[in-house]
Amino acid sequence: MKGAQILIESLLKEKVEVIFGYPGGAVLPLFDKLYDTPIKFILTRHEQAAAHAADGYARSTGKAGVCVATSGPGATNLTTGIATAYMDSVPIIAITGQVKTSLIGNDAFQEADVTGITRSITKHNYLVKDVKDLASTVKEAFYLASSGRPGPVLIDLPVDVQLQETELNYPQTIHLRSYKPTYFGHPGQIKKAAKAIAQAKKPVILAGGGITISSASSLLLEFAEKINTPVITTLMGLGCFPGEHPLYLGMPGMHGTVYANMALTESDLLISIGCRFDDRVTGRVDAFAPGAKIIHVDIDPTSISKNIKVDIPIVGDAKNVLSSLLEAVKTPPSTSAWLKRLEEYKKKYPLKYKKSFQGKIKPQYVVEEIYAQTKGEAIIATEVGQNQMWAAQFYKFNEPRHFLSSGGLGTMGYGFPAAIGAQVGNPERIVFDIAGDGSIQMNIQELATVATYNIPVKIAILNNHYLGMVRQWQELFYKRRYSATRLDNPDFVKVAEGYKVKGMRITKEKDVKKAIKEALTHQGPVVMDFWVEEEENVFPMVPAGEAINRMIGGMA
Amino acid sequence: MKHTIQALVENKFGVLARIASLFSARGYNIDSLAVAETQDPTVSCITMVVNAEDERVLEQIKKQLNKLIDVIKVVDLTKKEYIDRELLLIKINNTSLTPEKIRELKKDLELEVLEENKDYLIIEFLGDHNQVRHLLSSLKDTEVRELVRTGKIAITK
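Residues numbered from 1 in each chain as written. Chains lettered and ligands numbered in written order. Predicted model: local features only at pLDDT ≥ 70, side-chain atom pairs only at ≥ 80, totals over all residues.

*Asks:* Could you give an account of the packing of helix 1 (residues 3-13) of chain A against helix 6 (residues 134-146) of chain A, naming the residues involved and the relevant values?
*Replies:* Residues and elements named next belong to chain A. Between helix 1 and helix 6, the shortest axis-to-axis distance is 9 Å and the interhelical angle comes to 30 degrees. For the element pair helix 1 and helix 6, the recorded crossing hand is right-handed. Residues Gly 3, Ile 6, Leu 7, Ser 10 and Leu 11 of helix 1 pack against Leu 134, Ala 135, Val 138 and Lys 139 of helix 6. For the contact of helix 1 with helix 6, the per-class residue count stands at 6 nonpolar, 2 polar and 1 charged. (Axes fitted to C-alpha atoms, helices over the stretch in contact; angles between N-to-C directions. Helix = DSSP H or I, 4+ residues; strand = E, 2+ residues; numbered from the N terminus. Left-handed = near helix turned anticlockwise from the far one by under 90°. Contact = placed C-beta atoms within 7 Å. Nonpolar A, V, L, I, M, F, W, Y, C, P; charged D, E, K, R; others polar.)

What follows is the structure, given as structure tokens:
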């Protein structure tokens, strides 16, 4: 059997249903075999979109996503998508063609050192030089991508290896002596944590993307209710705790809620699970949770005591550790006074925005309206910037795997292709991309993809004719010197129509409801170009490098 | 502070590059490096000496080393008891190193003259970190043409 066929057979063994990608010279043998397989192939119009689509598929389904590109420029175009997946621990398998083994290192046509380039943005990568290693490499790649702390794995496959013959021998099991993730928390540490929880007066849970990855949301809910402790979720953790639950405090950090940041600042015990204390969460590190003892549960030992010094580290899988903790905590702490205090903060400083003036559209209102009309059940992908923060603040996520956003890398152009991947993986669900007028243009060519396959993604552009988040910083910290942030945009309705996609422009608040309704009843993809208040800001906001209780716009 | 770090790794291509990039990405230089197969030909041992300005960063690098899929085990020897050796080959202008000086050096250092002609001498020296330092300072006044070192290897007691 030829290498290309072995690769296809291996992907079938891994139950791959769909591949996102783009053909080219160094993957011709592979694409020839793809022609005859039951695996669905989605041709994106740029390799970066293929990687993001595989990522959106993976985040929304929990299964590894697969993308394919040719050597050289095809592979380098994947890298932004790979880096995005790496920062947010998303399992994707990137397969890249490579020039003939005899030409590697010769500056051959479309050659790039792809394993070298992707070394620091993959969990692991492989250059397969012998077809006999191919099947076991694919097996290892899927295992590594999906186990422990998940992440992208790249397989670089020279074109001649795709043509070499060998017998298919797909391994059943895998043993890697050097890779043994710790799945169960150390019993001694669990005991210490349980003791600290029992003694706490002002505990707070900080839940991150790790909860979603290990499917621990229902255990988290049980745990929080048992110890009657409020829950904050990071951007990556949105949806891992019900957004409408009375114990829920929203998101912390730079654009978090006042009450989440106050809870962290005043707490005496911080129970962090599956979150890595990103600088956007902590603000000024020495003022972060200053009075709290910190329990940190994470499957990745490198996350522990990296940014924040931790008192009780527990290396393990969120689900296993939560179930151990549930067992170990016998007496829940008495938190009623603490909850009452936080309830006051919630009442006093709710998430809010100034209502519309002269019928202009408030971007937050668009998000609220999408939330209302989808009953909070849609999968929401976002781009990066103000659109992302408003989606995070005003859409209440009740389930995990419904909010897809580039948290770590902050990749503009992520949302639309990620929404495509999510829609392909969840054909029965409504999938939105909440976008900005800047970021949508970073992968707008994918309108051709949604038109070709009739992928009914709904794109809501919060069009403020600015790179809004950068403009906001310029307004607040650079004396309103709007350097390179004003956007002279194309006519998005015409652009959509040019791609044979339905386009709508909405410029008045009173038309928002109707437009979203129309988009939801339309069978195919839709572009909604909402012309929103141009200089609206995302508040509250913690200025960079400030303590998280020093928020502007939100405590007034 | 200088740290001696030892890693047992899969004997495969690319592993050294992965390790080296953890240091270079943080702007850390590797002072010395020795790599070779162990008694098990599928395992290589890498011994590195690095100068860590910030112990926290080094702690993070050690964790990251452990996280690399091809790394089997990482040990920081710095606070352990160990024996270390380094091999030096030195080419010195013959006129600047008299037989008396060699005899004097040989008194407390294990060195051997491998080659001698009217132009230069080639000296071999095997010793631990401190002896190497001692030798190098003793040779300060000689005219060294070339000096090559293996990088430190070490074994715990």
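*Asks:* Which residues make up unusual backbone geometry, and what are the values?
*Replies:* Residues and elements named next belong to chain A. Here the bond from Phe 539 into Pro 540 is cis, since omega is 0 degrees, no more than 30 degrees from zero. Along the polypeptide, Pro 540 turns up in the segment after strand 17 (526-531). In this model, Phe 277 sits at a positive phi of 55 degrees, which is unusual for a non-glycine residue. Positionally, Phe 277 belongs in the loop between strand 9 (269-273) and helix 12 (279-282).

*Asks:* Give me the sheet that holds strand 6 (residues 153-158) of chain A: which residues, what numbers.
*Replies:* Residue and element names in this part refer to chain A. Spatial ordering of the open sheet is given by 2-1-3-4-6-5, a layout of 6 strands whose pairing is parallel. Whereas interior strands pair on both sides, the edge strands pair on one side only; in this sheet they are strand 2 (40-43) and strand 5 (124-127). Each adjacent strand pair in this sheet contributes to an overall mean axis angle of 20 degrees, direction not counted. In this sheet, strand 6 lies alongside strand 4 (residues 92-98) in parallel orientation, the contact comprising 6 bridges. Following the sheet pairing, Ile 93 is matched in strand 6 by Val 153. (Pairing = 2+ DSSP bridges.)

*Asks:* Please set out the domain arrangement of chain B residue by residue, giving values where relevant.
*Replies:* All names here are of chain B. Splitting chain B by domain gives domain 1 (2-79) and domain 2 (82-156). Here domain 1 and domain 2 have C-alpha centroids that lie 28 Å from each other. Taken together, the contact between domain 1 and domain 2 spans 8 residues of the former and 7 residues of the latter. Elements with a contribution of two residues or more to the side of domain 1 that touches domain 2: strand 1 (2-10), strand 2 (30-37) and strand 3 (43-51). Ranked by residues supplied to the side of domain 1 that touches domain 2, first place goes to strand 2 with 3 residues. (Domains from an automatic or database assignment.)

*Asks:* Kindly report on the domain arrangement of chain A, identifying the contributing residues and their values.
*Replies:* Bring the parts together and some accessible area is lost; that lost area is often taken as the interface size. Residue and element names in this part refer to chain A. Per the domain assignment, the segments making up chain A are domain 1 (3-163), domain 2 (187-348) and domain 3 (363-531). Once you take the C-alpha centre of each, domain 1 and domain 2 turn out to be 36 Å apart. Across the boundary between the two partners, domain 1 contributes 5 residues, which contact 5 residues of domain 2. In the side of domain 1 that touches domain 2, the residues fall into 1 nonpolar, 2 polar and 2 charged.

*Asks:* So what about the pairing of strand 12 (residues 379-382) of chain A? Which residues, and what values?
*Replies:* Residues and elements named next belong to chain A. Burial along strand 12 is two-sided: Ile 379 and Ala 381 facing one way and Ile 380 and Thr 382 facing the other are all buried. The sheet contact formed by strand 12 and strand 13 (residues 403-404) spans 2 bridges and is parallel. Looking across to strand 13, one finds that Ala 381 is bridged to Leu 404. Between the parallel pair strand 12 and strand 13, the chain is carried across by helix 16 (residues 386-394), and the sense of this crossover is right-handed. (Buried ≥ 20, exposed ≤ 12 C-beta atoms within 10 Å, placed from the backbone. Right-handed = clockwise from strand over helix to strand, strands pointing away.)

*Asks:* Report on the confidence of the model for chain B, specifying residues and quantitative values.
*Replies:* Of all residues in chain B, 100% have pLDDT values of 70 or greater, and the mean over the chain is 93. In the predicted complex, the global pTM is 0.96; the interface-specific ipTM is 0.91. (pLDDT = per-residue confidence, 0-100.)

*Asks:* Outline the packing of helix 11 (residues 258-266) of chain A against helix 14 (residues 336-348) of chain A, listing residues and values.
*Replies:* Residue and element names in this part refer to chain A. For the pair helix 11 and helix 14, the least separation of the axes is 9 Å and the interaxial angle reads 150 degrees. Classified by the interaxial angle, the pair formed by helix 11 and helix 14 is roughly antiparallel. Crossing of helix 11 against helix 14: the hand is right-handed. Contacts from Val 258, Tyr 259, Met 262 and Ala 263 in helix 11 reach Leu 342, Tyr 345 and Lys 346 in helix 14. Looking at side-chain class alone, the contact of helix 11 with helix 14 contains 6 nonpolar, no polar and 1 charged residues. (Parallel < 35°, antiparallel > 145°, perpendicular 65-115°, else oblique.)

*Asks:* Account for the pairing of strand 2 of chain B, naming residues and giving values.
*Replies:* Sheet analysis places strand 2 of chain B next to strand 3 of chain B, joined by 7 bridges and oriented antiparallel. Each bridged residue has a counterpart across the sheet, and for Ile 30 of chain B the counterpart in strand 3 of chain B is Val 50 of chain B.

*Asks:* I'd like to hear about the nonpolar core, residue by residue, with values.
*Replies:* Counting residues in hydrophobic clusters, the biggest one holds 182 residues, and the most contacted among them are Cys 67, Ile 92, Ile 93, Ala 460 and Met 528 of chain A. For Met 528 of chain A, the residues in contact, after removing those within four places along its chain, are Ile 459, Ala 460, Ile 461, Met 504, Ile 506, Ala 515 and Ala 519 of chain A. In terms of nonpolar packing, the next biggest core, distinct from the first, is built from 14 residues, Ala 7, Cys 45, Leu 68 and Val 74 of chain B among them. (Core = buried A, V, L, I, M, F, W, Y, C linked by C-beta atoms within 7 Å.)

*Asks:* Just give me the short version of the sheet that holds strand 2 of chain B, but keep the residues and values in it.
*Replies:* Within a beta sheet, neighbouring strands are joined by backbone hydrogen bonds and run either parallel or antiparallel to one another. Residues and elements named next belong to chain B. Strand order in this open sheet of 4 strands is 2-3-1-4, and the pairing throughout is antiparallel. Strands with a single pairing partner mark the edges of an open sheet, and in this sheet they are strand 2 and strand 4 (71-76). Going from strand to strand, the sheet's axes swing by 15 degrees on average, the running direction of each strand aside. Bridging between strand 1 and strand 4 involves 5 bridges; their strand directions are antiparallel. Note that in strand 4 the partner of Gln 6 across the bridge is Val 75. Those strands touched by helix 2 (residues 55-67) are strand 1 and strand 4, and its axis lies near 155 degrees from that of strand 4.

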